[in-house]
Every structure is written in structure tokens, then in C-alpha cells.
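# Survey of secondary and tertiary structure
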Amino acid sequence: MVNSELPNSRTEADGSAVLRVLSYNIRSMRDDEDALARVIRACAPDLVFVQEAPRFFRWRKHAARLAAKSELVMLSGGATAAGPMLLCSLRATVERTEDVLLPLTPGLHRRGLATAVVRFAGARVGLVSCHLSLRKDERYEQAGMVLDRVAALGTPYALVAGDLNERPGGPAFTRLATELRDGWAVSPWGGEYTSTPADPHQRIDAILATPGVEFLGCGVPPHLDPTDLRKATDHLPVLAAVRVPAAEVGFPQGTP
């Protein structure tokens, strides 16, 4: 059941789009897959920014099965982005996708970004799903690479979401939140802490957006089944409703 306190998806008369955006670390689907899909469906998202998607044997099959159970489709990422993945509803019109591998630090886990550009009605928006390093210095550098990728998307608006492996006030989190708007900070809704489901005590997952994207609410949904949350994975999901303005569409000269 959709929580009525957070706006549902819709298209405004001016072409802008209200989107429900979910960020979720799914721990490679090593837990209860059906509980995970129920949590995602209960959030009724237009977009899901996944971290720790399946990366190994038959990973595409596992990811596609989760998308189908969640009543969504795969957009980009997975093993080809070293874990981050994007899912979307059929409401999205896909312009392009790109999986990006970040520089590898010897001895550390490879990181990457799942990116896309999509349209919802008149709104055009870039997407970046990320999972930053456990090591402080590398995490800070990766935050800068995320911002570089946002700029390279060339879209009027962008959404960034993921497991930042850092609490607000940390160097990497601050680097992102200086240029992007932190959904919980500007429009808190539901719960704040995302780790762990059994003992929520820290916020290390976030949804952020470029200026111009309006947050209508952002946080851990308060009315999800607690049993499913504990069974699904080792993080709690972050859900936001955002309003993305309609973008002016330019046409090449001579186009009718």
C-alpha cells in the first residue's frame, strides 16, 4: 500500500513530473528476494537507484527477475558498473544509458556508476546511482567523480542516489551536498537512519538532486512491513518524491 503522506507519481499541467525515487542497497540479493521485491513494490517507485546489485554468475538473470517481481524494468548497471544499477517504471522514456567504472585502488573493491538520461512527460533528468568506497580518501575522490559525471550528463536536472558509506558532515558527503541538495536535509519525511534494519542508528544512504529539483519529502518510509525490511537486506530504503520541471526542448534547425 502506498503511503498517502508522500505524493504519488503524476504529470503536471505544465509538463513537469512528480516522481517517486527509491535508493536501496540490496546486498547482492543474498537475502529474501521475495521480501525485497515486496518492499520495492510497496514504495511504488518510478526510479530505483540500486547498490550491490548481483555481479557474478548469471547476474543479468537475477537482476531481471528482481525487476520483474518489482513490476519494473532494468535500465542500466549491475556487474558492468561494479554493483550500482538503475530500475525504472514503464512511465520513463529512455534517452541513453552508460555504465562507468571508477579507477581501481589496488586491494580495494572496484567501484562504478550506473547512469542514464530519461524523460517523464516534459521533464528530462539525468540519473547517477553510486556506492562509494569504505576508505575515506578514496571516497572523497569518488564524490568528485560523481559530480563530474553529473556535469557530463548535459541535462537540466539530475538525481544522484546511493550508499555513501559516510554520515552527513563527512568530507565526501559534504562535497556532494555542497553542489547538490540533500533530500532529507531539505524535506525530511519518514525515518532518517538507513543502517541497519535491526538497529537504525546512522544515515549513510541518500538521495540528492541538482538545484531546481523540488523535494516533496525524503526519508525511510514509515509504513513498510518491518519483517520484510529485516529479511530483505542489511540497509533500509530511502524514498523521495520530487518535482522535476519541464525542460525546454530544442530542435535542430530545419526540423519541422
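Residues numbered from 1 in each chain as written. Predicted model: local features only at pLDDT ≥ 70, side-chain atom pairs only at ≥ 80, totals over all residues. Heavy atoms only, no water.

## Considering the pattern of salt bridges
Using the following cut-off: The term salt bridge refers to a pairing of a side-chain nitrogen on Lys or Arg with a carboxyl oxygen on Asp or Glu at a separation within 4 Å. Only DSSP runs of H or I with at least four residues qualify as helices, and only runs of E with at least two residues qualify as strands; both kinds are numbered from the N terminus onward. Think of it in three bands: residues with accessible area under 20% of the maximum for their type are buried, residues over 50% are exposed, and the middle band is partly exposed, with areas taken using a 1.4 Å probe on protein chains only.
In total, this model carries 17 salt bridges according to the counting rule given. With a closest N to O distance of 3.3 Å, Asp46 and Arg91 form a salt bridge. Taken together, the residues span a long stretch of sequence, with Asp46 in the loop between α1 (33–43) and β3 (47–51) and Arg91 in the loop between β5 (85–88) and β6 (93–101) at a distance of 45 residues. Looking at Arg91, the relative accessible area reads 27%, which means it is partly exposed. Here Glu214 ties to Arg243 by a salt bridge, and the two come within 2.5 Å at their closest N and O atoms. In this pair, Glu214 sits in strand β12 (residues 214–219) while Arg243 sits in strand β13 (residues 238–244), placing the two residues 29 residues apart along the sequence. Judged by its relative accessible area of 22%, Arg243 falls in the partly exposed class. Among the ionic contacts, a cluster of salt bridges with common partners joins Arg10, Glu12, Glu214 and Arg243.

## Some remarks on the nonpolar core
Spelled out, the test is: In these notes, a set of buried Ala, Val, Leu, Ile, Met, Phe, Trp, Tyr and Cys residues joined through side-chain atoms within 4.5 Å is what counts as a nonpolar core. What makes two residues a contact is simply this: any of their non-hydrogen atoms within 4.5 Å.
Formed by 29 residues in total, the largest nonpolar core has its most connected members in Leu47, Leu127, Leu159 and Val242. Apart from the residues within four sequence positions on either side, Val242 is in contact with Ala17, Val18, Leu19, Val21, Leu159, Val213, Glu214, Phe215 and Leu216. Core analysis: the next-biggest nonpolar cluster, separate from the first, contains 28 residues, Ala35, Ile40, Val50 and Leu224 among them.

## Concerning the sheet that holds strand β10 (residues 181–182)
Keep this limit in mind: Paired strands, in this sense, are two strands between which DSSP finds at least two bridges.
Strand order in the open sheet made by the 6 strands is β6-β7-β8-β9-β11-β10, with mixed pairing throughout. For this open sheet the edge positions go to β6 and β10, each flanked by a neighbour on one side alone. With 8 bridges connecting them, β6 and strand β7 (residues 112–120) associate as antiparallel partners. Of the residues in β7, the one forming a bridge with Val100 is Leu113.

## Notes on unusual backbone geometry
Going from Ser195 to Thr196, the amide bond is cis rather than trans, its omega being 0 degrees. Note that Thr196 resides in the loop between α5 (183–186) and β11 (205–209). Backbone geometry places Ser28, a non-glycine residue, at a positive phi of 55 degrees. Structurally, Ser28 can be placed in the loop between β2 (17–25) and α1.

## Remarks on the side chain of Glu138
Worth spelling out the cut-off: Here Asp and Glu are counted as negative and Lys and Arg as positive; His is not counted, and neither are the chain ends.
Inspection of the secondary structure assignment puts Glu138 in helix α3 (residues 136–153). Despite its burial, Glu138 pairs with no opposite charge, the nearest such side chain being Arg111 at 5.5 Å. Among residues more than four places away in sequence, those in contact with Glu138 are Pro103, Thr105, Leu108 and Ser133.

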